[in-house]
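# Topology and contacts: notes
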Amino acid sequence: GAARGARGAMPKDRISYFFDAEVGQNYYGANHPMKPHRMVMAHSLVLGYGLHNKMEVYRPRKAYPVELAQFHSEDYVDFLARVTPDNQAEYLKQMQQFNLGEDCPIFDGLFEFCKLYSGASIDGAVRLNHGLCDIAINWAGGLHHAKKSEASGFCYANDLVLAILELLKHHARVVYIDIDIHHGDGVEEAFFLTDRCMTVSFHKYGDMFFPGTGDLKDVGEKTGKYYSVNVPLRDGIDDAGFLHIFKPVMQKIMDTYQPGAIVLQCGADSLGGDRLGCFNLSIDGHSEAVRFMKGFKVPMLVTGGGGYTKENVARCWAHETAVLTETNVPNELPRTDYHEFFGPGYKLKPNFPVIIENANTRHYLDSVKNQVLENLRQIEHAPGVQMSAMPPDAFIPEFDEDLVTASLDGASLGLGGEARFTQQDRDRFTEHPAEWYSGIDAQ
């Protein structure tokens with residue numbers, strides 16, 4: 001673009017943006033806080049601001065069931081493929097086993113929805129791996145609570161884990177960062193035993209807040225000890241407090257761990273005024289975390305996540321798209337089909353009323369920050385972790401190319417339009433040591 005011609009100007013990042021309007025047609029149910037329609041609203045603002053002209057826009061490919069099974073258990077994927085609102089009465093035992101019901105309802109098109117948002121994150125990772133872009137954006141992704149054999153917290157398939165597994169084929173180390181108000185438990189659990197993915201979660205902790213995990217002292221185990229980083233925060237954190245801890249922690253991690261790729265989950269329920277949240281971040285504060293990570297110039301997958309006041313979710317992700325494309329956009333919102341949702345001010349960055357008092361004292365934040373930095377010093381002094389070498393992948397789930405091919409052959413048999421697992425797939429499917437937690441009772 002024009003910027004490249006300017007003397008000394010850095011070439012802008014190449015950005016791949018994934019969107020399919022089908023994602024917005026999914027409906028969790030009348031009183032359910034998760035509204036996939038917020039993605040369509042965000043996309044309309046992206047278009048209204050002309051940001052699509054600064055990116056390569058892709059319609060994602062739906063992930064194949066066998067790709068979901070690179071992390072999820074085969075019986076869980078098979079269940080998601082088969083269950084519908086009409087036949088769920090026949091699956092009561094599995095619904096209980098796999099934690100489907102109130103938080104994670106069965107709705108029409110559920111499996112297609114999982115394949116769509118997961119396919120976009122996997123495709124983003126593939127494009128990053130092949131150097132086809134510097135940043136990939138999938139606002140429909142970021143469903144960080146899903147476990148190997150269990151739905152949780154409105155999440156069914158964990159697109160983040162699948163994308164990280166893809167990135168680990170090309171990169172020795174990947175860092176996962178989560179600024180959703182809820183702890184990124186599904187991603188942490190998947191990589192708890194390995195040093196090849198460092199998971200970093202900034203979240204509300206305490207008062208029985210969902211999911212209840214993410215204590216400061218949870219740092220990973222075995223080879224993964226000190227490679228899980230948890231930053232537990234209290235109610236009402238504001239921009240100043242959040243960035244006071246986010247920036248030094250992330251700077252230290254990038255300096256020490258030197259990842260080849262970043263996955264950034266941008267859950268917008270950490271904004272002030274969220275229907276389920278209790279933080280006081282502004283859109284500028286939330287976006288500053290995105291701007292800061294972009295500055296490291298490391299290949300990055302950016303996803304959505306939580307966010308339950310949908311007009312603010314749309315504002316936030318549109319603004320973060322502007323940040324990622326280095327575009328200054330006016331605070332006056334463009335006219336879109338959803339204009340009336342953004343009244344009465346019709347601004348991109350409204351001031352959210354502060355309803356919840358900030359319980360994060362500077363003393364508390366400094367003590368958490370110092371403990372996190374102390375834990376990270378353990379890595380610096382760990383003997384034998386040569387950062388230039390590819391660390392062992394003993395605890396990384398195996399990605400079986402043959403299995404994918406076998407499943408695609410199965411898909412062409414026209415089994416109700418769905419790739420079921422063939423007997424050949426089942427024979428090949430072996431448990432992997434990374435699946436250590438499958439026997440642990442859910443919290």
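Residues numbered from 1 in each chain as written. Predicted model: local features only at pLDDT ≥ 70, side-chain atom pairs only at ≥ 80, totals over all residues. Heavy atoms only, no water.

## Quick notes on the confidence of the model for the protein chain
Taken as a whole, the protein chain shows an average pLDDT of 89; of its residues, 84% reach a score of 70 or greater. The low-confidence segment residues 1-7 (pLDDT under 50) makes five contacts with residues lying over four places distant or belonging to another chain. Within the model, pLDDT remains below 50 along residues 409-443, and this stretch shows 56 contacts once partners closer than five positions in the same chain are excluded. (pLDDT = per-residue confidence, 0-100. Contact = heavy atoms within 4.5 Å.)

## Some thoughts on the packing of helix H2 (residues 37-48) against helix H11 (residues 310-324)
Where H2 contacts H11, the two axes come as close as 8 Å, and the packing angle between them is 45°. One element, H2, and the other, H11, form an angle in the oblique class. Between H2 and H11 lies a crossing whose hand is right-handed. Residues His 37, Arg 38, Met 39, Met 41, Ala 42, Leu 45 and Val 46 of H2 form the contact with H11, whose own contacting residues are Lys 310, Glu 311, Val 313, Ala 314, Arg 315, Trp 317, Ala 318 and Thr 321. Tallied by class, the residues present in the contact of H2 with H11 amount to nine nonpolar, two polar and four charged. (Axes fitted to C-alpha atoms, helices over the stretch in contact; angles between N-to-C directions. Helix = DSSP H or I, 4+ residues; strand = E, 2+ residues; numbered from the N terminus. Parallel < 35°, antiparallel > 145°, perpendicular 65-115°, else oblique. Left-handed = near helix turned anticlockwise from the far one by under 90°. Nonpolar A, V, L, I, M, F, W, Y, C, P; charged D, E, K, R; others polar.)

## Comments concerning the state of the cysteines
Tallying each qualifying case throughout the model produces zero disulfides. For Cys 114, which is in no disulfide, the shortest distance to another cysteine sulfur is to Cys 155 and amounts to 9.7 Å. No disulfide involves Cys 266; its sulfur sits 7.3 Å from the nearest other cysteine sulfur, which is in Cys 316. (Disulfide = S-S within 2.5 Å.)

## Considerations on the pattern of salt bridges
Applying the stated criterion to the full structure yields 23 salt bridges. Here Asp 235 makes a salt bridge to Lys 204, at a shortest N to O gap of 2.7 Å. You can see Asp 235 sitting in the loop between strand E6 (228-233) and helix H9 (239-257) and its partner Lys 204 sitting in strand E5 (residues 197-204), a full 31 residues away along the chain. Looking at Asp 235, the relative accessible area reads 24%, which means it is partly exposed. (Salt bridge = Lys/Arg side-chain N within 4 Å of Asp/Glu carboxyl O. Buried < 20%, exposed > 50% of the residue type's maximum accessible area, 1.4 Å probe, protein only.)

## A look at the nonpolar core
Within the largest apolar cluster, 134 residues are counted, with the highest numbers of intra-cluster contacts made by Leu 100, Tyr 156 and Phe 202. Tallying contributions element by element places helix H6 (residues 110-129) first for this core, with 10 residues. (Core = buried A, V, L, I, M, F, W, Y, C linked by side-chain atoms within 4.5 Å.)

## Overview of the pairing of strand E4 (residues 174-178)
Most of E4 sits inside the fold, with five of its five residues counted as buried. Side chains of E4 alternate between two faces, with Val 174, Tyr 176 and Asp 178 and Val 175 and Ile 177 buried alike. Bridge analysis of E4 against E5 gives five bridges, and the strand direction is parallel. Opposite Val 175, over in E5, you have Met 198 as the bridge partner. (Pairing = 2+ DSSP bridges.)

## Thoughts on the side chain of His 145
For His 145, the location among the structural elements is in the loop between strand E3 (135-138) and helix H7 (159-167). Accessibility expressed as a relative area gives 3% for His 145, which makes it buried. In this structure the side chain of His 145 is engaged in a polar contact, spanning 3.1 Å, whose partner is the side chain of His 144. Apart from the residues within four sequence positions on either side, His 145 is in contact with Ser 152, Gly 153, Cys 155, Asn 158, His 182, His 183, Asp 185, Gly 186, Phe 210 and Pro 211. (Polar contact = N/O pair within 3.5 Å; in protein donor to acceptor, adjacent residues only side chain to side chain.)

## Points about the sheet that holds E5
With parallel pairing, eight strands are arranged side by side in an open sheet as E2-E1-E3-E8-E7-E4-E5-E6. In this open sheet, the two edge strands, each paired with only one partner strand, are strand E2 (56-58) and E6. Going across the sheet, the axis of each strand differs from the next one's by a mean of 15°, ignoring polarity. Across four bridges, the pairing between strand E7 (residues 261-265) and strand E8 (residues 300-303) is parallel. Paired with Val 263 across the bridge in E8 is Leu 301. Sheet contacts for H7: E3, E4, E5, E7 and E8; angle to E7, the most-contacted strand, approximately 175°. Relative to the sheet, helix H12 (residues 362-380) contacts E5 and E6, its axis offset from that of E6 by approximately 175°.

## Some thoughts on the pairing of E8
What you see with E8 is no split at all: Met 300 and Val 302 on one side and Leu 301 and Thr 303 on the other are buried throughout. With four bridges connecting them, E3 and E8 associate as parallel partners. Bridge pairing links Ala 136 to Leu 301 in E8.

## Description of H12
Taking 1.5 Å per residue, 19 residues should reach 27 Å; H12 reaches 27 Å between its end C-alpha atoms and fits that length. Within H12, burial applies to Tyr 364, Leu 365, Val 368, Lys 369, Val 372, Leu 373, Asn 375, Leu 376 and Ile 379. End-on view of H12: buried residues confined to an arc of 160°, all on one side of the axis. Each element contacted by the buried residues of H12 is listed here: E5, E6 and H9. (Expected span 1.5 Å × (residues − 1). Arc of directions from axis to C-beta.)

## A closer look at the environment of Phe 209
Structurally, the position occupied by Phe 209 is in the loop between E5 and E6. The buried category is assigned to Phe 209, whose relative accessible area is 15%. The spacing of Phe 209 and Gly 277 is 68 residues in sequence and 9.8 Å in space, taken between C-alpha atoms. Not counting residues up to four positions away in its chain, the partners in contact with Phe 209 are Ile 181, His 182, Lys 204, Leu 276 and Cys 278.

## Topic: unusual backbone geometry
The omega torsion of the bond from Phe 210 to Pro 211 falls at -5°, within 30 degrees of zero and hence cis. For Phe 154, which is not glycine, the phi torsion reads 75° and is therefore positive. Looking at where Phe 154 falls in the secondary structure, it is placed in the loop between E3 and H7. With relative accessibility at 10%, the residue Phe 154 sits in the buried group. For Glu 326, which is not glycine, the phi dihedral falls at a positive 55°.

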